[in-house]
Amino acid sequence: MSISKNIDGFISSKTSTKKGTGFQIIIGVLLLIISIIIYQIISIDVLLYVMLTISIIMIISSFFIIINQYERAIILRVGVYRGRIRPGIHSRLPLIDNILVIDIREKVREFNAEKMLTKDNVPVTIDAILRYQIIEERSNDALLNVENFNEMIKQVSQTTLRNNIGSSIFQEILSKREEINHNIKAIISKEAENWGVMVTGVEIRQVIIPQELEAAMSMQAQAEREKQARVTYGESEILVAQKFLDASKIYSNNPVAYALRQSNMLYETMKIHGNTIIMVPSETLNSMGFGNLGTTIAYLNSLERSINSSNKKPSVDNPSLKGKTKKETMD
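By convention here, each chain's residues receive numbers from 1 onward along its written sequence. Given that the model is predicted, a residue must reach a pLDDT of at least 70 before its local features are reported, and side-chain atom pairs must reach 80 or more before they are shown or counted; all residues, however, enter totals for whole chains, interfaces and linings. For the side-chain quantities, the full set of heavy atoms in the structure was used; hydrogens and water were omitted.

**Student:** So, the overall build of the protein: which residues are in play, and what are the values?
**Tutor:** Within the protein, the regular secondary structure consists of 12 helices and nine strands. Within the protein, the fraction of its 331 residues that count as buried is 26%. Whether two residues are in contact is decided by their heavy atoms: any pair within 4.5 Å suffices. For the protein, restricting intrachain contacts to residue pairs at least 6 apart in sequence, the fraction spanning at least 24 positions comes to 67%. Per-residue and other accessible areas follow the Shrake-Rupley method at a 1.4 Å probe size, with only the shown protein chains counted as cover for residues. Carbon and sulfur atoms form 59% of the exposed surface of the protein, whose accessible area is close to 23100 Å². Numbering of helices and strands runs from the N terminus, with a helix taken as a DSSP run of H or I at least four residues long and a strand as a DSSP run of E at least two residues long. Relative accessibility decides the category of a residue: with a 1.4 Å probe and only protein chains considered, values under 20% of the type maximum give buried, values over 50% give exposed, and everything between is partly exposed.

**Student:** Could you give an account of a nonpolar patch on the surface, naming the residues involved and the relevant values?
**Tutor:** Residues enter patches when their relative accessible area tops 30% and they take part in no salt bridge; the joining distance is 9 Å for like charges and 5 Å for the nonpolar side chains Val, Leu, Ile, Met, Phe, Trp and Tyr. Salt bridge criterion: a side-chain nitrogen from Lys or Arg within 4 Å of a carboxyl oxygen from Asp or Glu. A contiguous nonpolar surface patch, about 850 Å² in accessible area, is contributed by Val29, Ile33, Ile37, Ile41, Ile42, Ile44, Val46, Leu47, Val50 and Ile54. Sorting the residues of the nonpolar patch by element identifies helix 2 (23-42) and helix 3 (45-61) as the ones contributing at least two each. If one sorts the elements of the nonpolar patch by residue count, helix 2 sits on top with five residues. Examined against the element boundaries, Ile54 turns out to sit in helix 3. Taking the relative accessible area as the measure of exposure, Ile54 reaches 41% and is therefore partly exposed.

**Student:** So what about the pattern of salt bridges? Which residues, and what values?
**Tutor:** Overall, the coordinates contain nine salt bridges when judged by the stated rule. Between Glu136 and Arg86 there is a salt bridge whose closest N-O contact spans 2.7 Å. Remark: Arg86 occurs in the loop between strand 4 (80-85) and strand 5 (88-91) and Glu136 occurs in the loop between strand 8 (123-134) and helix 4 (139-144); sequence separation between them is 50 residues. Since its relative accessible area comes to 24%, Glu136 is described here as partly exposed. Since its relative accessible area comes to 52%, Arg86 is described here as exposed.

**Student:** Could you give me a rundown of the pairing of strand 6 (residues 97-103), with the residues and numbers involved?
**Tutor:** Across a regular strand the side chains alternate sides, sitting on one face of the sheet and then on the other. Most of strand 6 sits inside the fold, with five of its seven residues counted as buried. Here a strand pair is declared whenever DSSP counts at least two bridges between the two strands. The pairing of strand 3 (residues 71-77) with strand 6 spans seven bridges and is antiparallel. In the sheet register, Arg72 faces strand 6, and the bridge partner there is Ile102.

**Student:** Break down the packing of helix 2 against helix 3 for me, with residues and values.
**Tutor:** Axis separation between helix 2 and helix 3 bottoms out at 7 Å; the angle between their running directions is 165 degrees. By the angle between their axes, helix 2 is roughly antiparallel relative to helix 3. Two packed elements cross with a definite hand, and for helix 2 against helix 3 that hand is left-handed. Classes in brief: Ala, Val, Leu, Ile, Met, Phe, Trp, Tyr, Cys and Pro nonpolar; Asp, Glu, Lys and Arg charged; the others, Gly included, polar. Of the residues in the contact of helix 2 with helix 3, the class split is 17 nonpolar, five polar and one charged. Between N-to-C directions, angles cover 0 to 180 degrees, with each direction set by a line fitted to C-alpha atoms, over the stretch in contact for helices. By the definition adopted for this analysis, an angle is roughly parallel if under 35 degrees, roughly antiparallel if over 145, roughly perpendicular if from 65 to 115, and oblique otherwise. When the near helix sits turned anticlockwise from the far one by under a right angle, the crossing is termed left-handed; a clockwise turn instead gives a right-handed crossing.

**Student:** Could you give an account of the packing of aromatic side chains, with specific residues and numbers?
**Tutor:** Ring geometry is summarised as follows: Phe, Tyr and Trp rings, the Trp one being its six-membered ring, pair when their centres sit within 6.5 Å, and such pairs are stacked at plane angles under 30 degrees, edge-to-face over 60 and tilted between the two. Here the structure, examined in full by the defined rule, presents zero aromatic pairs. When the ring centre of Tyr70 is taken as reference, the NZ or CZ atom of Arg105 above it lies at 4.0 Å. Charge over a ring is defined by NZ of Lys or CZ of Arg lying within 6 Å of the ring centre and within 35 degrees of the ring normal.

**Student:** Summarise the sheet that holds strand 8; cite the residues concerned and give the values.
**Tutor:** Spatially, the three strands line up as an open sheet ordered 7-8-9, and their pairing is antiparallel. On the outer flanks of this sheet lie strand 7 (107-117) and strand 9 (197-208), each paired with one strand and no other. For this sheet, the mean inter-axis angle between neighbouring strands, taken without regard to orientation, is 20 degrees. Packed on one face of the sheet, helix 5 (residues 149-166) meets strand 7, strand 8 and strand 9 and runs near 35 degrees to strand 7. Running over the sheet, helix 7 (residues 177-192) touches strand 8 and strand 9 and is turned about 145 degrees from strand 9.

**Student:** Please provide a residue-by-residue account of helix 5, values included.
**Tutor:** Working rule for helices: expected span equals 1.5 Å times residues minus one. In this model, helix 5 (18 residues) spans 26 Å end to end at C-alpha, consistent with the 26 Å of a helix rising 1.5 Å per residue. Taken as a whole, helix 5 has its buried residues at Phe149, Asn150, Ile153, Lys154, Val156, Ser157, Gln158, Thr160, Leu161, Asn164 and Ile165. With a side-chain oxygen positioned 3.1 Å from the backbone nitrogen of Asn150, the residue opening helix 5 is Asn148. The definition of a polar contact used here is a pair of N or O atoms within 3.5 Å, where within protein one atom must be able to donate a hydrogen and the other to accept one, and adjacent residues in sequence count solely through side-chain atom pairs.

**Student:** Which residues make up the confidence of the model for the protein, and what values go with them?
**Tutor:** Here the protein shows a mean pLDDT of 76. Residues at 70 or above account for 72%. When mean pLDDT is taken per element in the protein, strand 8 scores highest with 89 and helix 1 (residues 3-13) scores lowest with 42. Residue-level confidence of the predictor is summarised by pLDDT, bounded by 0 at the bottom and 100 at the top. Low pLDDT, under 50, characterises residues 1-13; the predicted model gives this stretch nine contacts beyond four residues in sequence or across chains. The model gives residues 315-331 a pLDDT under 50, and that stretch makes three contacts with residues more than four places away or in other chains.

**Student:** Now, about unusual backbone geometry: what can you tell me, with residues and values included?
**Tutor:** Residues other than glycine seldom take positive phi values, yet Leu95 does so here, at roughly 65 degrees. Examined against the element boundaries, Leu95 turns out to sit in the loop between strand 5 and strand 6. Even without glycine at this site, Asn121 takes up a positive phi of about 65 degrees. By the element assignment, Asn121 lies in the loop between strand 7 and strand 8. The class for Asn121 is exposed, based on a relative accessible area of 58%.

Structure, rendered in structure tokens:
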């Protein structure tokens, strides 16, 4: 057994402490007797006065007891319960009154359920913590009605946790921790009321499953996420296709809008690459209308040149042509 478990067991078994057992008055009387004997042997007044003072202080202090603010105590006079004691200085009868002191501060205890089967036969190990404290007005019940309330509440907590695990499926343990905590707290509180103990909280801290099952669950969760991703991707493809269909209807009825859209795409491409020169296939230009536009411009330029050429030809009345025949002129 480890050292931590030994310490935890020691703390759990120690529910109260005893104060004022009469040890001081016995030591005080012994010092008084010894001081008198020593004085008769060596006759030193200073030593006698010092020892007498110490013995008297110890004898007087044995009639009083101090209870701290975070403590409550009960008096057992000759073994019979006489009442509770609040914080402060109180008088007592040495060797007759037995004072049991209990700490009323909130305490934390760990409890667990190892390798328990859930309702759907999943082996789990659950670690939990329990917070509780002694009810101030019922501190006598915690000392008189139960031998060790720390161990008792720990055993009840473990039993209650095991019962809840056996009646729950694994997914409920993971997703409904708050509900399980509340149920366990309610059951433990009902039992602890008989001992003057108030349960302030129960929390499941960790749920441990075998590594093989953990790997299988991880693969299942990964498959579910991949399935959901594929479904989402398919739904997005449907939405994109529908939008493209709507756009095609608009562009089919308006070629100008289609050409402007292609021009904008070409501009965005040039903007992304950061170049003013970009290689574009001629088929793309034709699909955008730029090929037909170039043909039209070339045709208009050719027509303009032919008109200018015809305007520069000499007329029949020109003297330089008088000697030529009509046939040559026609040629």
